[in-house]
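What follows is the residue order along each chain.
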Amino acid sequence: MKLKNLLQYNDIVIQCHDNPDADALASGYALYWYLEQKGKSPRFIYRGRNQVQKSNLMIMIDQLSVPVSYEPDFEEKPELLVTVDCQYGEKNVTKTEAGTVAVIDHHESMIKAGKESDENHEIRANIGSCATILWDMIREEGLDVNENRKLATAMYYGLFTDTNRLSEVSHPLDRDMIDNLIIMKSLITEMSNSNITLRELKITGRAIMDYQYFYDNRYMIICAEKCDPNILGVISDFAMETAGVNVCMAYYSAPSEIKFSVRSCVKEVHADELAAFLAEGLGGGGGHITKAGGTIRPEKLMRSIGGSFTEDEINEKQLAKVAAEHFKSKFALYFESYEIIYARTAEIDMTGMKLYEKLPQELGVAKLTDIFPAGTRVGIRTLEGDIDIDINDELYLMIGIEGEVYPIKAEKLARSYNMLDKRYERTLEYSPSIRNSLTGEVRKVLEYSHTVISTGISRIYARPLNRSVKLFTAWDEEKYYSGDPGDYIAVREDDPHDIYVIRERLFPQLYKEI
């Protein structure tokens with residue numbers, strides 16, 4: 001959906017979910033601002049039984065001039081209704097009749113997960129906040145929300161709260177918005193420090209007193225009462241201050257949702273990967289290497305044990321028991337399911353490995369000194385995450401067929417690839433970018449790229465994985481790359497410590513057996 005599609009209507013009402021949170025308020029505010037810029041006179045409402053009372057949200061509405069009104073008895077039938085941060089017909093939004101309904105949301109669609117887009121819907125379930133989607137859509141229309149600093153601050157705060165103080169940000173588009181927005185930092189601090197009530201302080205204390213600690217792998221599981229999801233982050237952060245605790249998860253279970261927050265202080269456990277593992281098939285999880293979180297749909301969890309339940313049929317005590325057992329068993333399975341490889345010192349067992357050479361697949365390459373001067377510290381942003389490196393004259397960046405990137409030295413590049421006289425152009429879900437860590441300047445990698453094709457000389461030994469691995473490459477010993485069963489573990493023929501993982505779906509496109 002394009003925002004300009006909405007401009008054919010005049011009588012427009014924007015509605016967020018009942019009991020709105022910061023992201024719902026920010027998203028509605030953003031759409032309201034866009035429509036006003038285009039000469040429309042929209043209205044922004046929320047309904048339901050309860051008016052906003054939380055201190056941080058009251059500050060947000062007042063100090064940032066959020067143009068929202070509480071309309072529990074709204075009876076008009078607008079020409080167009082746009083629901084933001086929710087989906088029309090769901091239980092968390094009071095139904096409002098309208099001639100046409102549009103939806104902008106970042107929660108899992110009841111139709112399908114991922115991205116659902118048509119002329120009246122924009123649903124991106126892999127984005128951290130609905131505010132991010134509005135930021136991207138407004139940017140596509142050629143407008144800059146930084147023209148209204150209050151709005152920019154509200155959108156930042158929407159992502160900030162929906163991702164547990166940015167600890168659960170996983171999509172690069174969310175990170176792009178964070179870098180782009182010009183915000184009122186003091187107000188973010190004020191709202192953040194008004195986010196916990198005395199009741200929530202008691203919830204935090206009771207939860208921490210009732211922890212479970214597992215000595216073998218030094219992790220802690222903490223069950224809390226239902227609370228603002230940010231409180232789970234507070235609990236996890238506090239628990240991580242404890243000596244001997246390397247990983248911690250705090251969670252609550254309720255018939256409407258199971259929320260959890262994960263923390264890790266060791267490089268062998270990425271919190272975002274663990275969060276995704278805990279929610280696999282039952283919801284979603286993600287975030288940063290050290291801080292992450294997620295949501296599990298209770299009805300899916302209950303069905304996974306053989307029952308058939310709707311939200312209204314779920315017994316809270318039974319759910320609490322099932323959730324506790326789920327997390328306990330998933331943690332145990334997680335730590336049993338992988339091996340760790342440190343490429344710089346590893347001696348890979350070559351048994352069962354076959355020799356392969358690269359197919360003449362066109363890939364991209366960019367010389368990093370063409371983008372920023374040698375010695376510059378940069379962050380490379382990709383769909384897989386951020387990479388931090390120092391640029392030097394011998395370092396290039398390879399760009400794969402799905403936009404995946406990895407550094408390569410000039411000598412190895414010359415030996416393995418031939419340069420073609422054309423730019424590398426490919427449509428990608430997210431195009432990798434490079435940010436100067438000192439100045440903040442961002443440049444797109446593809447704008448500096450050239451096309452290369454394999455010489456056929458580059459050869460590897462490889463075999464499919466029969467269990468998961470965490471691979472610390474020779475060029476990055478702080479962040480691991482994950483490989484799942486079916487993916488390939490590969491070792492360059494001419495360098496036994498150049499070890500990497502190749503996705504199962506990509507391997508036959510890139511290599512052939514010799």
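Located above this text is the structure these notes cover.
What comes next concerns the included structure. (Residues numbered from 1 in each chain as written. Predicted model: local features only at pLDDT ≥ 70, side-chain atom pairs only at ≥ 80, totals over all residues. Heavy atoms only, no water.)

1. Some thoughts on the overall build of the chain
Test applied: For helices the rule is a DSSP run of H or I covering at least 4 residues; for strands it is a run of E covering at least 2, with both sets numbered from the N terminus onward. Put simply, the radius of gyration uses C-alpha atoms, and a globule should come to 2.2 Å times the residue count raised to 0.38. In this description, contact between two residues means that some pair of their heavy atoms is separated by no more than 4.5 Å. To be clear on the numbers: accessible area is Shrake-Rupley with a 1.4 Å probe, and residue cover counts the displayed protein chains and nothing else.
Broken down by element type, the chain carries 14 helices and 30 strands. What you see for the chain is a C-alpha radius of gyration of 25 Å, in line with the 24 Å of a compact globule of 514 residues. Considering only contacts in the chain between residues 6 or more positions apart, those separated by 24 or more positions represent 65%. In the form shown here, the chain has an accessible surface area of approximately 23,700 Å², with 47% of it arising from carbon and sulfur atoms.

2. Focus: helix α3 (residues 130-140)
Quick note on the threshold: The rule is simple: take the accessible area with a 1.4 Å probe, protein chains only, and divide by the maximum for that residue type; under 20% is buried, over 50% is exposed, in between is partly exposed.
For α3, the buried fraction is high: nine of the eleven residues fall into the buried class. Taken as a whole, α3 has its buried residues at C130, A131, T132, I133, L134, W135, D136, M137 and I138. Considering only its buried residues, α3 is in contact with α1 (22-37), β4 (80-84), β5 (100-105), β7 (121-124), α4 (149-162) and α5 (172-180). Just downstream of α3 lies G142, where phi reads positive at about 85°.

3. As for the environment of N120
Checked against the element boundaries, N120 lands in the loop between β6 (115-118) and β7. Considered as a pair, N120 and K2 are 118 residues apart in the sequence and their alpha carbons are 8.5 Å apart. If near-sequence neighbours (up to four positions away) are discounted, N120 is found in contact with M1, T100, V101, A102 and V103.

4. Considerations on the packing of aromatic side chains
Selection rule: Pairing of aromatic rings covers Phe, Tyr and Trp, the last counted by its six-membered ring, and requires centre-to-centre distances within 6.5 Å; plane angles under 30 degrees mean stacked, over 60 mean edge-to-face, and any other angle means tilted. Either the NZ atom of lysine or the CZ atom of arginine qualifies as a charge over a ring when it sits within 6 Å of the ring centre and within 35 degrees of the ring normal.
As enumerated under the stated definition, the model contains 17 aromatic pairs in all. A ring pair is formed by Y156 and F160, whose centres lie 6.2 Å apart and whose planes are at 25°; its orientation type is stacked. Of this pair, Y156 and F160 both sit in helix α4, four residues apart, which is roughly one turn of the helix. The exposure classification of Y156 matches that of F160, with both residues buried. Aromatic side chains F260 and F327 sit 5.7 Å apart centroid to centroid with 65° between the ring planes, which places their arrangement in the edge-to-face category. Taken as a pair, F260 in strand β11 (residues 257-264) and F327 in helix α11 (residues 316-336) lie far apart in primary sequence, 67 residues in all. The two residues F260 and F327 agree in class, both being buried. Above the plane of the ring of F472 lies K267, whose end atom (NZ or CZ) is 5.1 Å from the centre.

5. Considerations on the pairing of strand β22 (residues 433-436)
Note the following rule: One bridge is not enough; two strands pair if DSSP finds at least two bridges between them.
Bridge analysis of strand β17 (residues 377-382) against β22 gives four bridges, and the strand direction is antiparallel. Residue pairing across strands places V378 opposite N436, the latter belonging to β22. Pairing geometry for β22 and strand β23 (residues 442-444), over three bridges, is antiparallel. Bridge pairing in β23 links I434 to R443. The antiparallel pairing of β22 with β23 creates a hairpin that spans five residues between the two strands, and G440 there sits at a positive phi of about 85°.

6. Some details on a nonpolar patch on the surface
We apply this condition: Like-charged residues are merged into a patch within 9 Å and nonpolar side chains (Val, Leu, Ile, Met, Phe, Trp, Tyr) within 5 Å, provided each residue has over 30% relative accessible area and no salt bridge. When a carboxyl oxygen of Asp or Glu lies within 4 Å of a side-chain nitrogen of Lys or Arg, that pair is called a salt bridge.
A cluster of nonpolar residues, I196, L198 and L201, forms a patch on the protein surface that exposes about 320 Å² of accessible area. Looking at the secondary structure, you find I196 in the loop between α6 (185-192) and α7 (198-209). A relative accessible area of 38% places I196 in the partly exposed class.

7. A look at the sheet that holds strand β19 (residues 395-399)
Strands in a sheet are paired, the pairing made by backbone hydrogen bonds, and the direction either parallel or antiparallel. Inclusion rule: Whenever a helix is involved, its axis is fitted only over the stretch in contact; in every case the axis is a line through C-alpha atoms, and angles between N-to-C directions fall within 0 to 180 degrees.
Spatial ordering of the open sheet is given by β20-β19-β16-β24-β21, a layout of five strands whose pairing is antiparallel. In the strand order of this sheet, the two ends are held by β20 (405-409) and β21 (417-419), each with one partner. For this sheet, the mean angle separating the axes of adjacent strands, direction not counted, is 40°. As defined by bridge partners, β21 adjoins strand β24 (residues 450-454) across three bridges and the pair is classed as antiparallel. When the bridges of β24 are listed, M419 appears paired with V452.

8. Section: the pairing of strand β8 (residues 211-214)
Both β8 and strand β9 (residues 219-223) contribute to a ladder of four bridges, which runs antiparallel. Note on β9: the bridge partner recorded for F214 is Y219. Between β8 and β9, which pair antiparallel and follow one another directly, the connecting turn spans four residues, one of which, R218, has a positive phi of 55°.

9. Thoughts on the nonpolar core
Inside soluble globular proteins, nonpolar side chains tend to come together where they are buried. We count it as follows: In plain words, nonpolar cores are sets of buried Ala, Val, Leu, Ile, Met, Phe, Trp, Tyr and Cys residues tied together by side-chain atoms within 4.5 Å.
If you look at the biggest cluster of nonpolar residues, it comprises 60 residues, and the most contacted ones within it are L31, M60 and I104. With eleven residues, the top contributor of residues to this core is α1. Look past the residues within four positions of L31 in its chain and what remains in contact with it is L3, L6, I14, V82, V84, I104 and L134. Of all hydrophobic cores here, the second largest spans 32 residues; its members include I221, F260, A271 and L278.

10. Focus: the sheet that holds strand β14 (residues 338-342)
Here three strands make up an open sheet; going across it, the order is β14-β26-β27 and the pairing mixed. Taken across any chain shown, the strands that pair with only one partner, and hence form the sheet edges, are β14 and β27 (476-483). Across this sheet, the average inter-strand angle for adjacent strands is 20°, counted without regard to direction. In this structure, β14 lies alongside strand β26 (residues 468-473), joined through five bridges in parallel fashion. Residue pairing for β26: I340 is matched across the bridge by K470.

11. Considering the environment of E90
Within the element layout of this structure, E90 appears in the loop between β4 and β5. Judged by relative accessible area, which is 29%, E90 ranks as partly exposed. The spatial distance from the C-alpha of E90 to the C-alpha of H17 is 9.1 Å, given a sequence separation of 73 residues.

12. Here we look at unusual backbone geometry
Positive phi outside glycine occurs at N19, with the angle close to 50°. Structurally, N19 can be placed in the loop between β1 (12-16) and α1. Accessibility expressed as a relative area gives 46% for N19, which makes it partly exposed. Although it is not a glycine, D85 sits at a positive phi angle of roughly 60°. Of note, D85 is situated in the loop between β4 and β5.

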